[in-house]
Amino acid sequence: MSDPLQQDYFTLFNLKPVYRVAEPALKAQYLALQQQYHPDRAVNADSAAQTLAVQRTAYINDAYQTLKHPLKRAAYLLEQLGYSLQSDGGAASRVMDPDFLLQQMTLHEELETLRHADNALDRLVVFQDSLRRDEKALQQELLQLFDNGSATALTQARERVQRMKFLQRLQEEILELESTLL
Amino acid sequence: MALLQISEPNQSPAPHQQRLSAGIDLGTTNSLVATVRSGLAETLPDAQGRHLLPSVVHYREDGSVSVGYRAKSGAQGDPLNTLSSTKRFLGRGVADVKTLGTQLPYHFVDIHNGMPKLRTIAGDISPVEVSSEILKSLAQRLRDSLGGEPEGVVITVPAYFDDAQRQATKDAARLAGLKVLRLLNEPTAAAVAYGLDQRTEGVIAVYDLGGGTFDFSILRLNKGVFEVLATSGDSALGGDDMDRLIATWLMQQAAIADDADHHQMRRLLDDACRIKEALTDSETFAFSIEKENGQFWEGAMDRAQLQQIIDPLIRKTLIPCRRALSDAGLDISEVEELVMVGGSTRTPRVRELVGEFFQRQPHIDIDPDRVVAIGAAMQADVLVGNKQDNQMLLLDVIPLSLGLEMMGGLAEKIIPRNTTIPAARAQEFTTYKDGQTAMVIHVVQGERELVSDCRSLSRFELRGIPPMAAGAARVRVTFQVDADGLLSVTAHEATTGIESSIQVKPSYGLGEEEVARMITDSMAHAREDMDARNLREQTVEANRVLEALQAALAMDGEQLLSVGERATIEASMQRLRDRLKGDDWTAVKAAVSALNHNSTEFAARRMNASIQIALAGQQIDKL
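Residues numbered from 1 in each chain as written. Chains lettered and ligands numbered in written order. Predicted model: local features only at pLDDT ≥ 70, side-chain atom pairs only at ≥ 80, totals over all residues. Heavy atoms only, no water.

So what's going on with the overall build of chain B? Residues and values would help.
Summing up its helical and strand segments, chain B has 15 helices and 27 strands in all. Looking at chain B as a whole, 55% of its 623 residues qualify as buried. Counting only carbon and sulfur atoms, one obtains 49% of the accessible surface of chain B, whose full area is about 26,100 Å². (Helix = DSSP H or I, 4+ residues; strand = E, 2+ residues; numbered from the N terminus. Buried < 20%, exposed > 50% of the residue type's maximum accessible area, 1.4 Å probe, protein only. Areas by Shrake-Rupley, 256 points an atom, 1.4 Å probe, with all protein chains shown as cover.)

Next comes the structure, spelled out in structure tokens:
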């Protein structure tokens, strides 16, 4: 078996490069890899081996976080399949979809209104719930698009990931707003 | 030396002697040392049977020091030369100290590089040096008790310590001549001791309120794996602050002026601590306080009054608790056990309010003073390799986000808080001006948006970027955090390959040169002592290396090495054996590192071979 640093995340975790991932298997392999490569197993090693242990486990940690997280996993898988989010196609589809643009603007406006509302905290919770429902729906769509796997489906999947990314950022903004209100 | 770690348990050549190691809890008010003997972790007492060592150091005019109870008993008589609670200043800047130390009975000296020192009769002393005196004292206790030199120690730090504070702790250990196997977060150490003792599984929360720091960590325990889900805290909040609040109350009640002198201040703080401790067991407490004019003031305090004074402080600790729960994505009801650690959790009101918040009875059946040192000793025992088949694994996180300064003084987070360590992240940046040839990389730590609100860790320059249009250069900055939670940063310009890297040395800590100078200084003080100790250490290390290599050669030498390669390693081993006959530790050290160098390739090959064997074994298991 080759060095973890030389393997893509799916190979490293003994997984087929597909979107559906069994959490328990993922976790078990994560712990097995950590047991093997963690710097605690190399405290008596020379500094080169210690540095290598740090690099390998850092990579393993990053891989685990990516595969565990539905959105990060989707983005990574698309990248591996040649549908990078950074490519022109991604940006173009985002610009071209007027629906998505409108949705972005509406949601931002809604958040701005809430910022100054009287019962901001309560209304934020409601807003958050509705965003979570949207995210869940997108998540379901993603599963089906990845299962389909055709070029059209994967291009659509990339667009769904863009939407999810936007929703995620919005959720983060809400959390920040909440912490200022608390 | 990688050779030891990779020998499989069933292949290990000879049963090794137990390797000596220890866990050290370097606390704000008290410190402890613990070790594992015959499988049991226990804290070590001094000659008088006392386990705690007060973190107090007394400096005398001739530069000699006393540490612990002896130093503490002299504190009232000589407050300026008796340094206590200095952990609060470890790795901190002058500005921090001013906000922290408004009522402290010390003379701070502003040193040019922004690092505060304390003025004593023996000269200006840095907090790192004070910590190293405490560590030296514990190390001596350890040697007396073990009858030998430890191969390494695990030192605990508050989980909420930032990079500068961790680095300062490591510097203090170096100064004390100790090899640090790992810096371990205090709540994680407590979880190890508690989890292994009680065989607990599931989600536990550790609430650790010490003398000067507050930590809160949530962990998931599962078959020897201790996974920290989130941590938070306040590295400047603890029992000392309760004492200060009580002292302020005493001053008001007894009409003592605000500008009380150092002696008076120290007495008041001691009185405050005494009152607080007395009210742990009884409902009311009567006392008398000596005023500056030598008269005594008679007073009393009951629990209700105490609560009124300390409640705001306890409630302040609940904010980080809430944040950690939210970061871990957990609801309070999902926390299965609540473990309380740190001397300040002896205060009944702390247990009451925290228990209320978590809606459950906290575990107080473990000694809150000793549990951290014990957990550290267990980890040290595993790290030196005494339990080769042990599956214990600690997966910890960084407490505070690490980032870079962007244009406009905004902080861009590169590694967010509560990321599992080790961690590495890279991000690309570009130039903002045409023809820009250099870039300042300013590394900060903290959660705030503005760089000025975060802690500045380091600043370095990447030079030699070829002149290009603004936005054309591509500078890739990589952050890497090791298992001690320490950061190193590299910057790399992609179009030309110009590289600049730095092991982040905090702006407020000691520079490399300064540590080297201090080590030389202390050697000048006790040259022979140092030489003897260094020789002892190097001999231990040399024998370990030789023994391991000998076994490795016997096992794999034939398969993995050519005749010539083997001859080089063996010649290098012989040179080391020859050096061991003399008493020059530097020669031994040089021979050890030469041998290490010559055997690195062999170690790498063995590691690869063993990984193949291990993985092959795993697959057979699965079938």
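Any chance you could break down the sheet that holds strand 23 (residues 439–445) of chain B for me, citing the residues and the numbers?
All names here are of chain B. Strand order in the open sheet formed by 4 strands is 21-20-23-24, with antiparallel pairing between adjacent strands. Pairing within the sheet leaves two strands with one partner each, and these edge strands are strand 21 (410–415) and strand 24 (455–462). The average undirected angle you get between the axes of adjacent strands in this sheet is 30°. Bridge analysis of strand 20 (residues 402–406) against strand 21 gives 5 bridges, and the strand direction is antiparallel. Considered in strand 21, the bridge of glycine 403 is made with lysine 413. (Pairing = 2+ DSSP bridges. Axes fitted to C-alpha atoms, helices over the stretch in contact; angles between N-to-C directions.)

Provide a residue-level description of the interface of chain A and chain B, including the pertinent values.
With 29 residues of chain A at the contact, the number on the chain B side is 38 residues. Summed over both partners, the interface of chain A with chain B comes to about 2,800 Å²; 49% of that surface belongs to carbon and sulfur atoms. The largest per-residue losses of area from chain A upon contact with chain B belong to A:Asp40, A:Arg41 and A:Asn44, which jointly make up 23% of the total buried on that side. Scanning the region where chain A abuts chain B turns up 3 salt bridges. Summed over the shared surface of chain A and chain B, the result is 6 residue pairs in polar contact (both at pLDDT 80 or more). Among the secondary structure elements, those contributing two or more residues to the side of chain A that touches chain B are helix 2 (23–37) and helix 3 (47–68) of chain A. In terms of residue count, helix 3 of chain A provides more of the side of chain A that touches chain B than any other element does, 9 residues in total. Split by residue class, the side of chain A that touches chain B holds 12 nonpolar, 10 polar and 7 charged. (Contact = heavy atoms within 4.5 Å. Buried area = accessible area lost by both parts, 1.4 Å probe. Salt bridge = Lys/Arg side-chain N within 4 Å of Asp/Glu carboxyl O. Polar contact = N/O pair within 3.5 Å; in protein donor to acceptor, adjacent residues only side chain to side chain. Nonpolar A, V, L, I, M, F, W, Y, C, P; charged D, E, K, R; others polar.)

Before we move on, could you go through the packing of aromatic side chains and cite the residues and values that matter?
Enumeration over the complete set of coordinates arrives at 11 aromatic pairs over all chains. Between A:Tyr19 and A:Phe146, the aromatic rings sit 4.6 Å apart at their centres with planes inclined by 20°, giving stacked as the arrangement. Of this pair, A:Tyr19 sits in the loop between helix 1 (9–12) and helix 2 while A:Phe146 sits in helix 7 (residues 120–148), and the two are 127 residues apart along the sequence. Neither A:Tyr19 nor A:Phe146 differs from the other in exposure class; each is buried. Look at B:Tyr207 and B:Phe214: their rings are 4.9 Å apart centre to centre, the planes differ by 55°, and that puts the pair in the tilted class. The pair B:Tyr207 / B:Phe214 is uniform in exposure class, with both members buried. Joined through ring pairs, the aromatic side chains of A:Tyr9, A:Phe10, A:Tyr59 and A:Tyr76 make up one cluster. The ring centre of A:Tyr19 lies 4.6 Å from the NZ or CZ of A:Arg73, which sits over that ring. (Phe/Tyr/Trp six-rings, centres within 6.5 Å; stacked < 30°, edge-to-face > 60°. Lys NZ or Arg CZ within 6 Å of the ring centre and 35° of its normal.)

Which residues make up the environment of B:Asp215, and what are the values?
All names here are of chain B. Its place among the elements puts aspartate 215 in strand 14 (residues 214–222). Residues contacting aspartate 215, with those up to four places away along its chain left out, are Pro158, Ala159, Tyr160, Glu186, Pro187, Val206, Tyr207, Asp208, Ser232 and Gly233. Side-chain polar atoms of aspartate 215 contact the backbone nitrogen of alanine 159, separated by 2.6 Å.

Describe in detail the packing of helix 2 of chain A against helix 3 of chain A, supporting the description with residues and values.
All names here are of chain A. Contact geometry for helix 2 and helix 3: axes closest at 10 Å, N-to-C directions at 175°. By the angle between their directions, the pair helix 2 and helix 3 is classed as roughly antiparallel. Contacts between helix 2 and helix 3 involve Glu23, Leu26, Lys27, Tyr30, Leu33, Gln34 and Tyr37 on the former and, on the latter, Ala53, Arg56, Thr57, Ile60, Asn61, Tyr64, Leu67 and Lys68. (Parallel < 35°, antiparallel > 145°, perpendicular 65-115°, else oblique.)

Kindly report on the confidence of the model for chain A, identifying the contributing residues and their values.
The predicted structure's coordinates, where accompanied by low pLDDT, should not be read in detail. All names here are of chain A. This prediction gives chain A a mean pLDDT of 86; 91% of its residues lie at or above 70. Of all secondary-structure elements in chain A, the lowest mean pLDDT belongs to helix 5 (residues 88–96), at 46, while helix 1 reaches the highest, 96. In the model, residues 88–95 has pLDDT below 50 throughout and makes 9 contacts with residues more than four positions away in sequence or in other chains. (pLDDT = per-residue confidence, 0-100.)

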